[in-house]
Amino acid sequence: MRPDFTALKAQLTRACAQWNARRPASYTYDLRQIAAPVLFPETRVTVVGGRVTRTDLLPGQQGDPNPLAAQTIDARFDELFQTLQRQSRAACPDVQVSFDPALGYPTRVYSGMGDGGIADGFGEWSIRNFTPLK
């Protein structure tokens, strides 16, 4: 079954407005990301004054920080709007999103093909431990 893109876009618009009304200028968050077939190391993103200033591996992770992690929450909203637009034109899309109830930022995004074919890959990321900085 195709996702209801009208409902998803409305949900995204509401969450973005909620974020814009309450967003802190500085914060950290932990990102877990898969861009099939790659599972990137979990990475902490630090945003100060509305700009990404650091990305660091979380304890227990190996390698380098995720090169795709260096995004503000605003940039993640922009990416999500583009994902919905692109997936709405796909033959068999599968999109799942969830948002933080207090601040509105996206907490989980999955985008793939509903036909189960992993050959074309899928993408998923989740945000945990969002922390405003003083």
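See the structure shown above.
Because the structure is a prediction, the values reported are computed rather than measured.

Enquirer: So what exactly am I meant to see when it comes to the overall build of the chain here?
Expert: In terms of regular secondary structure, the chain is built from two helices and seven strands. Secondary structure elements of the chain, listed N to C terminal, follow the sequence α-β-β-β-β-α-β-β-β. A compact globule built from 134 residues would reach a C-alpha radius of gyration of about 14 Å, and the chain, at 15 Å, matches this within 12%. A principal-axis box enclosing the C-alpha atoms of the chain has dimensions of 45 × 35 × 20 Å.

Enquirer: Looking at this model, I keep getting lost on the packing of aromatic side chains. Mind explaining?
Expert: Given two aromatic rings, their pairing is described by the distance between the two centres and the angle made by the two planes. Under the counting rule described, the total for this entry stands at seven aromatic pairs. When the ring of Tyr105 is compared with that of Phe130, the centres are 4.5 Å apart and the planes differ by 25°; the resulting orientation is stacked. Placement of Tyr105 in the loop between strand S5 (93-99) and strand S6 (106-113) and of Phe130 in strand S7 (residues 123-132) is noted, with a sequence separation of 25 residues between them. Judged by its relative accessible area of 8%, Tyr105 falls in the buried class. The exposure class of Phe130 is buried, given its relative accessible area of 12%. Chaining the aromatic ring pairs together yields one cluster made of Trp19, Tyr27, Tyr29, Tyr105 and Phe130. The ring of Trp125 carries the charged tip of Arg76 above its face, separated from the ring centre by 4.7 Å.

Enquirer: So what exactly am I meant to see when it comes to the pairing of strand S3 (residues 43-48) here?
Expert: Regular strands place side chains that alternate from one sheet face to the opposite one. Bridge count between strand S1 (residues 27-35) and S3: five bridges; the pairing is antiparallel. For Tyr29, the partnering residue across the bridge sits in S3 and is Val45. Bridge count for S3 against strand S4 (residues 51-57) is six bridges, and the pairing is antiparallel. Looking at S4, one finds that Val47 is bridged to Val52.

Enquirer: Help me out: how do you make sense of the nonpolar core in this one?
Expert: One recurring pattern in soluble globular proteins: nonpolar side chains tend to sit buried together. In this structure, Trp19, Tyr29, Ile73, Phe77 and Phe130 are the most contacted members of the largest nonpolar core, which totals 25 residues. For this core, the element with the highest residue contribution is helix H1 (residues 5-22), accounting for six residues. In this structure, Ile73 is in contact with Trp19, Tyr27, Tyr29, Tyr105, Pro106, Ile127 and Phe130, ignoring residues within four places of it in sequence.

Enquirer: Got a minute to help me understand helix H2 (residues 73-87) in this structure?
Expert: Residues lying three or four places apart along an α-helix face the same way, a consequence of the helix completing one turn every 3.6 residues. End to end, H2 covers 21 Å across 15 residues, agreeing with the expected 21 Å (1.5 Å per residue, within 8%). Among the residues making up H2, those that are buried are Ile73, Arg76, Phe77, Leu80, Thr83, Leu84 and Gln87. In an axial view of H2, the angular spread of the buried residues amounts to 120°, which keeps them on one side of the axis.

Enquirer: Hey, could you run me through unusual backbone geometry in this one?
Expert: In this structure, the amide linkage connecting Ala36 to the following residue, Pro37, adopts the cis form with an omega of 10°. Position of Pro37 among the secondary structure elements: in the loop between S1 and strand S2 (38-39). Phi at Asn129 is positive, roughly 55°, even though this residue is not glycine. Among the structural elements, Asn129 can be located in strand S7. Asn129 gets classed as partly exposed once you look at its relative accessible area, which sits at 45%.

Enquirer: Can you help me understand the pairing of S6 in this one?
Expert: Within S6, six of the eight residues are buried, which leaves it mostly tucked inside the rest of the structure. Of the strand pairs in this sheet, S5 and S6 are connected by seven bridges, and their pairing is antiparallel. Note that in S6 the partner of Asp94 across the bridge is Gly112. Hairpin connection from S5 to S6: six residues lie between these consecutive antiparallel strands, with Gly104 at a positive phi of about 90°.

The rules behind these values
- Residues numbered from 1 in each chain as written.
- Predicted model: local features only at pLDDT ≥ 70, side-chain atom pairs only at ≥ 80, totals over all residues.
- Heavy atoms only, no water.
- Helix = DSSP H or I, 4+ residues; strand = E, 2+ residues; numbered from the N terminus.
- Rg over C-alpha atoms; globule rule 2.2 N^0.38 Å.
- Phe/Tyr/Trp six-rings, centres within 6.5 Å; stacked < 30°, edge-to-face > 60°.
- Buried < 20%, exposed > 50% of the residue type's maximum accessible area, 1.4 Å probe, protein only.
- Lys NZ or Arg CZ within 6 Å of the ring centre and 35° of its normal.
- Pairing = 2+ DSSP bridges.
- Core = buried A, V, L, I, M, F, W, Y, C linked by side-chain atoms within 4.5 Å.
- Contact = heavy atoms within 4.5 Å.
- Expected span 1.5 Å × (residues − 1).
- Arc of directions from axis to C-beta.

From the geometry alone we can't say anything about function, so treat these as descriptive.
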